[in-house]
Amino acid sequence: MKLKRKWPAYCIWVLFIIFDVVMVASSSFFLGLFPSKDKLLYTVLLTVLGIAVMSITTFLLWKICDVVGTDAMARTKTARVIYGISGSLTVIAAFAYRVYVLRTGVFEVGGKMSLYENAAIGSENITPEFDLLSIAYSAVLKCILLFTGNDVFVALVFDAVLFALFMIFAGLAVYKFLGFAASIVFELFAGFMPIFLDQVYVPELSTVNLFLAMFGFELFIVSLVLRGTYKGKLDSGFGTISFVLVGALVGYMCYVDAGTLIAVMPFLFAIFFLAGREFARDLVKFLVLILGAVLTFGGMIVQEAGVMNAYATLVKWATYYFHNLNTFSFFLIYTNYKIIYLVTVIAMSGIGIGFLKSKKIDAVSPWLFSMLLIYVTIPFMGATRMNSQIVVTIYFGFMLSCLACLITTHSEDDGVYEGKLAQEDVEEEFEESEETEEVRESEEVDECAKLEKEIEEVRKPVMKEEKEPETVPEVAVPEEPRYVPEGMVVPQDTLVDMVPRDGAMTARMPKFEGTISLDRKDKRKEKEIEKKVAPKDDFDVPFEPGDDFDI
């Protein structure tokens, strides 16, 4: 899925470059490897060298990918099979490693144990829960424990399954937005980044992985709808229904955690920048989506305490998520895994030069904008999980995926979907064929009209000659008395004889051209027949042409 490169994309790109430079500089400054005397100088040198080396590396990699043609290779069936196999192996390997550590490790389970206690068979809500995620977590876990029995290890495996679901959904969302190379990069990062493995080394029960699985599913559904719109498959009534359902999902997730709305909003606005689309048509779809989100969010607020207490519930919800207005939690740099975070933010700086690879298309701006919004909204957000270290680290993985997308995308890609181009070409050819047929028909009609006019021009003098016969002057013939022999009876004149016989009363005889013959037999055969028919006697005199029988 590709977006049109517009001026908002360049604004986001500039802001991200500033943000990444600050990240690299702060990571270098708080790294603890430089002497305190020249700490600032070493920080500047490391920042400049790191960004320069990564920019050169990104430039060389994209040139290699253009020569090899990785963008065209990614569209083949072989590439899709390779992606399916490699992505499945990555998720299976990450899940298997977590289960192995949980089975072989010796530890005590910590965290929110009420999730397991409430789900244990025979328990009756030992610790009351009021948040939606905790209730859903305990309900699903209780269904699983019905088949396995009460075992805390099952709860830990269930937690690992939820994280694997997050990897699958988020990886598919990245694939729909950025391509299969970006998806593999993200799955490797999320599967084996040390901070995500801490949940296994020191296991704690929580609803974090359930939230991540739901957030990944939301990204996946949004990516499906946007890609379907990009391909032109959701322009019908079913497409409108799908936008209503996506809006309902966005509204529900906003009720669960307000931070998800901030994270997903850039992807919803991306519908206005899809390559090869009309703004007016997509504006209607966006409004339908927002309507579905508002109605679902309002329904969740109402169901909590009723219609009469809806306003009080809304105020309570807003206070829960937006109460940190006067504090600022500085989390640009984390105290653990400093070297890994430094390498990660330096690698992210390759987006600065990679963004300039194509002047026509854009695919990474929604991800960059979402990352910036998460950092900007830190002072205003309260109990949201979107500003936690785990989610921010996940977004670092998204940034590396964007870098992989920029490297593998061809420089001359126009962003328009190939199937749509082929369909447009077929429609143009069909229209051209119809136009040519119409032109041919019109030409034939014109030729027929011309021929008819010529025939009429030729017929006019002929018809005039037929209609206007030459008038022959009548010669007056003196009437003479008819000679009647003696004894001959002459008939009297009848009524018919009284009628004047002019040219109008006389019938025209048809004109014949050529020779009219009634019997075209051979003369020899006629003679033979005559010889057979005519009897001979002594008195027969032979007849020859020219004989005169006058006596």
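Our subject is the structure that appears above.
Residues numbered from 1 in each chain as written. Predicted model: local features only at pLDDT ≥ 70, side-chain atom pairs only at ≥ 80, totals over all residues. Heavy atoms only, no water.

Asks: Got a minute to help me understand the overall build of the chain in this structure?
Replies: Regarding its fold elements, the chain presents 21 helices and 4 strands. Split into buried and exposed, the 551 residues of the chain put 38% on the buried side. The contacts of the chain with a sequence gap of at least 6 include a subset with a gap of at least 24, amounting to 81%. Accessible surface for the chain amounts to roughly 34,400 Å². Of this, 64% is attributable to carbon and sulfur atoms. (Helix = DSSP H or I, 4+ residues; strand = E, 2+ residues; numbered from the N terminus. Buried < 20%, exposed > 50% of the residue type's maximum accessible area, 1.4 Å probe, protein only. Contact = heavy atoms within 4.5 Å. Areas by Shrake-Rupley, 256 points an atom, 1.4 Å probe, with all protein chains shown as cover.)

Asks: Help me understand the packing of helix α4 (residues 77-104) against helix α8 (residues 180-192) in this model?
Replies: In a pair of packed helices, the angle between the axes and the distance between the axes together describe the arrangement. It is the contact of α4 with α8, at a shortest axis distance of 10 Å, that shows an interaxial angle of 5°. Accordingly, the angle class assigned to the pair α4 and α8 is roughly parallel. Each of Ala 79, Tyr 83, Ser 86, Gly 87, Thr 90, Val 91, Ala 93, Ala 94 and Arg 98 in α4 lies in contact with α8, whose residues at this interface are Phe 180, Ser 183, Ile 184, Glu 187, Leu 188, Ala 190, Gly 191 and Phe 192. A per-class count over the contact of α4 with α8 returns 10 nonpolar, 5 polar and 2 charged. (Axes fitted to C-alpha atoms, helices over the stretch in contact; angles between N-to-C directions. Parallel < 35°, antiparallel > 145°, perpendicular 65-115°, else oblique. Nonpolar A, V, L, I, M, F, W, Y, C, P; charged D, E, K, R; others polar.)

Asks: Looking at this structure, I do not really get the packing of α4 against helix α9 (residues 194-201). What am I missing?
Replies: Where α4 meets α9, the closest approach of the two axes is 9 Å, and the angle between their N-to-C directions is 35°. Here α4 runs over α9; the crossing is right-handed. Side by side, α4 and α9 meet where Tyr 97, Arg 98, Val 101 and Leu 102 of the first sit next to Phe 196, Leu 197, Val 200 and Tyr 201 of the second. Split into classes, the residues belonging to the contact of α4 with α9 amount to 7 nonpolar, no polar and 1 charged. (Left-handed = near helix turned anticlockwise from the far one by under 90°.)

Asks: Would you explain the environment of Ile 126 in this entry?
Replies: As for its placement among the helices and strands, Ile 126 is situated in the loop between α5 (114-119) and α6 (132-148). A C-alpha to C-alpha distance of 7.6 Å links Ile 126 and Ser 114, two positions 12 residues apart in sequence.

Asks: How should I be thinking about a nonpolar patch on the surface in this particular structure?
Replies: Side chains of Phe 29, Phe 30, Leu 40, Val 44 and Val 48 sit close together on the surface and give an oily, nonpolar patch of about 460 Å² of accessible area. In terms of residue count, helix α2 (residues 39-68) provides more of the nonpolar patch than any other element does, 3 residues in total. Note that Leu 40 resides in helix α2. (Patch = residues over 30% accessible without salt bridge, like charges linked within 9 Å, V, L, I, M, F, W, Y side chains within 5 Å. Salt bridge = Lys/Arg side-chain N within 4 Å of Asp/Glu carboxyl O.)

Asks: Even after reading the chapter, I still don't get the nonpolar core, so can you show me in this structure?
Replies: Side chains that are nonpolar tend, in soluble globular proteins, to be buried together. Within the largest apolar cluster, 110 residues are counted, with the highest numbers of intra-cluster contacts made by Leu 178, Trp 367, Tyr 395, Phe 396, Phe 398 and Met 399. Considering every element that reaches this core, the biggest residue donor is helix α18 (residues 389-408), with 15 residues. Sequence-distant contacts of Met 399, that is, excluding residues within four places in its chain, are made with Phe 16, Met 348, Ile 351, Trp 367, Leu 368 and Met 371. The next biggest cluster of nonpolar side chains, apart from the first, holds 11 residues, and it includes Tyr 255, Met 300, Tyr 321 and Met 381. (Core = buried A, V, L, I, M, F, W, Y, C linked by side-chain atoms within 4.5 Å.)

Everything listed is a geometric property; what it means functionally is a separate question.
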